[in-house]
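Results of the structural survey
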Amino acid sequence: MKKLLILFSFLLCITTLGAQNTERELYSVAFYNLENLFDTIHDVGKNDYEFLPDGSYQWTAKKYEAKLKNLAKVLGSLSRDLVPEGPAFIGVAEVENRNVLTDLVKQPAISNYEFVHYEGPDKRGIDCALLYDPKQFSITDSKLVLSTPFQGDTVHLTRGFLIVDGQLAGERVCVIVNHWPSRGAQSPVRVHAAKQVKALKDSLMREDKKLKLIVMGDMNDDPMDESMQELGARKYPKQVKKGEFFNPWWETLEDKGVGTLLYRGKWNLFDQIVISKPLLKAKKGLRYDHNEVFIRDYLIQQDGKYKGSPLRTHGGRTWLNGYSDHLPTIIYLRK
């Protein structure tokens, strides 16, 4: 009888563990502009002089280490209230090189992440990258596609388009990470970037018409702007046609008044994650569930000139020991 009870308990334990492993339904992916994640060493050929110990920001090892710790705190908190495992992957912008990413994922809060990064041609040296949890997202392919200049404009170049293909929850998911030209450039420059991403999307979906594709990044435009319309990112699910994207951030900004960066008292939402129609309308497997701008009190300046804005690393040349001038964005996928 005792042996039977032990066997029954063992089988019950296996059954329970099996149920726990198969009952997971919710996954998340995120994007975060890390705002000038530079180390303290000069990269040859790059204009990174402001972020050196003798530069205008007096960027010392102490400040760099504080920045890494602060960013890891945020990245390690994304979606954890709903998805204890955290995001399967996180697109990031404004990272200087492989060294800063190596230092970042050494932080205890995000030590489960690895990264994909290619050195790009940006003159300041800032690139896009993808942090990913190999237990959730397994990489099958990746590449950096360099952008072409708009009408010969080599000043306002788009950083390369980082394409990463992999397996998430047992199915193929592909992501393109972007950082489009700043508002220092006119709208046509970002429209040109959108056209290039659209061409990449068309190429990927010719190979796989049911591809679950995610385009994310700091677009330096709002969801309703011309560049996002050129990309084919629509406000409502019913508007999304074959080969187009659903953009849940349009409603977030326009109807709810929530953004990711504050400029002269007005919220913008440049940090967007848009999804292809197969991920929106999937009848089986992963499907879009909902979205979130990650807002916590510690990420917001509580007083002074920049009260109410995201608590950034510097205000002018004054070190604020903050996080970023952008807030992170998250989308949730249900299996």
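To be clear, the structure that these remarks concern was listed above.
Residues numbered from 1 in each chain as written. Predicted model: local features only at pLDDT ≥ 70, side-chain atom pairs only at ≥ 80, totals over all residues. Heavy atoms only, no water.

So, on to the overall build of the protein chain. Regarding its fold elements, the protein chain presents 7 helices and 17 strands. Over its C-alpha atoms the protein chain spans a radius of gyration of 21 Å, differing by no more than 12% from the 20 Å that the globule rule assigns to 335 residues. When the backbone C-alpha atoms are referred to their principal axes, the protein chain occupies close to 75 × 45 × 40 Å. By the burial criterion, 53% of the 335 residues in the protein chain qualify as buried. Considering only contacts in the protein chain between residues 6 or more positions apart, those separated by 24 or more positions represent 70%. Taken as a whole, the protein chain presents about 15900 Å² of accessible surface, with 53% of it coming from carbon and sulfur. Of the charged side chains in the protein chain, 47 are positive and 42 negative; the average position of the first set lies 6 Å away from that of the second. (Helix = DSSP H or I, 4+ residues; strand = E, 2+ residues; numbered from the N terminus. Rg over C-alpha atoms; globule rule 2.2 N^0.38 Å. Buried < 20%, exposed > 50% of the residue type's maximum accessible area, 1.4 Å probe, protein only. Contact = heavy atoms within 4.5 Å. Areas by Shrake-Rupley, 256 points an atom, 1.4 Å probe, with all protein chains shown as cover. Lys, Arg positive; Asp, Glu negative; His and termini not counted. Charge placed at Lys NZ, Arg CZ, Asp CG, Glu CD.)

In total, this model carries 6 aromatic pairs according to the counting rule given. Seen from their ring centres, phenylalanine 38 and phenylalanine 51 are 4.6 Å apart, and the 5 degrees between their planes marks the pair as stacked. Within this pair, whereas phenylalanine 38 is found in the loop between β1 (26-37) and α2 (61-75), its partner phenylalanine 51 is found in the loop between β1 and α2, the two being separated by 13 residues in sequence. Take phenylalanine 38 and phenylalanine 51: they sit in the same class, and that class is buried. Between phenylalanine 51 and tryptophan 59, the ring centres sit 5.6 Å apart and the planes meet at 85 degrees, which makes this aromatic pair edge-to-face. Exposure remark for phenylalanine 51: the relative accessible area of 3% places this residue in the buried category. Its relative accessible area of 0% is what places tryptophan 59 among the buried residues. One aromatic cluster is present, formed by Phe38, Phe51, Tyr57 and Trp59 through successive ring pairs. (Phe/Tyr/Trp six-rings, centres within 6.5 Å; stacked < 30°, edge-to-face > 60°.)

This paragraph deals with the nonpolar core. Formed by 72 residues in total, the largest nonpolar core has its most connected members in Phe89, Leu131 and Ile214. It is β1 that provides the largest number of residues to this core, a total of 8 residues. By size, the runner-up hydrophobic cluster in this structure holds 20 residues, among which are Ala193, Ala194, Met219 and Met228. (Core = buried A, V, L, I, M, F, W, Y, C linked by side-chain atoms within 4.5 Å.)

In this fold, lysine 198 is placed in helix α4 (residues 187-207). The partly exposed category is assigned to lysine 198, whose relative accessible area is 29%. Apart from residues no more than four positions distant in its own chain, lysine 198 is found in contact with Glu230 and Leu231.

Spanning 15 residues, α2 covers 21 Å between terminal C-alpha atoms, matching the ideal 21 Å at 1.5 Å per step. Among all positions of α2, only Lys63, Tyr64, Ala66, Lys67, Leu68, Asn70, Leu71, Ala72, Val74 and Leu75 are buried. The elements touched by buried residues of α2 are β1, β2 (89-95), α3 (98-104), β4 (127-132) and β16 (318-319). (Expected span 1.5 Å × (residues − 1).)

Quick look at unusual backbone geometry now. At serine 79, a position not held by glycine, the phi torsion is positive, near 65 degrees. Its place among the elements puts serine 79 in the loop between α2 and β2. Of the residues examined, serine 79 reaches a relative accessible area of 0% and is grouped as buried. Residues other than glycine seldom take positive phi values, yet alanine 169 does so here, at roughly 55 degrees. Its location among the elements puts alanine 169 in the loop between β6 (161-168) and β7 (171-179).

Spatial strand order, β3-β4-β2-β1-β17-β14: 6 strands in an open sheet with mixed pairing. Each of the sheet's edge strands pairs with one partner strand only, and the pair in question is β3 (114-117) and β14 (287-293). For this sheet, the mean inter-axis angle between neighbouring strands, taken without regard to orientation, is 20 degrees. One ladder, built from 6 bridges, connects β1 with strand β17 (residues 329-334); its direction is antiparallel. From the neighbouring strand, alanine 30 faces β17, where its bridge partner is isoleucine 330. Lying on the sheet, α2 is in contact with β1, β2 and β4; it crosses β1 at an angle near 160 degrees. (Pairing = 2+ DSSP bridges. Axes fitted to C-alpha atoms, helices over the stretch in contact; angles between N-to-C directions.)

Inspection of the secondary structure puts arginine 190 in helix α4. Engagement of the side chain of arginine 190 in a polar contact is seen with the backbone oxygen of serine 182, the distance being 2.8 Å. When sequence neighbours within four positions are dropped, the list of residues in contact with arginine 190 reads Trp180, Pro181, Ser182, Arg183, Ala185, Met219, Asn220, Asp221 and Ser227. (Polar contact = N/O pair within 3.5 Å; in protein donor to acceptor, adjacent residues only side chain to side chain.)

Taken in spatial order, the 7 strands of this open sheet run β5-β6-β7-β8-β13-β10-β9, and their pairing is mixed. Strands with a single pairing partner mark the edges of an open sheet, and in this sheet they are β5 (137-145) and β9 (233-234). Bridge count for β7 against strand β8 (residues 212-218) is 7 bridges, and the pairing is parallel. Paired with valine 177 across the bridge in β8 is methionine 216.

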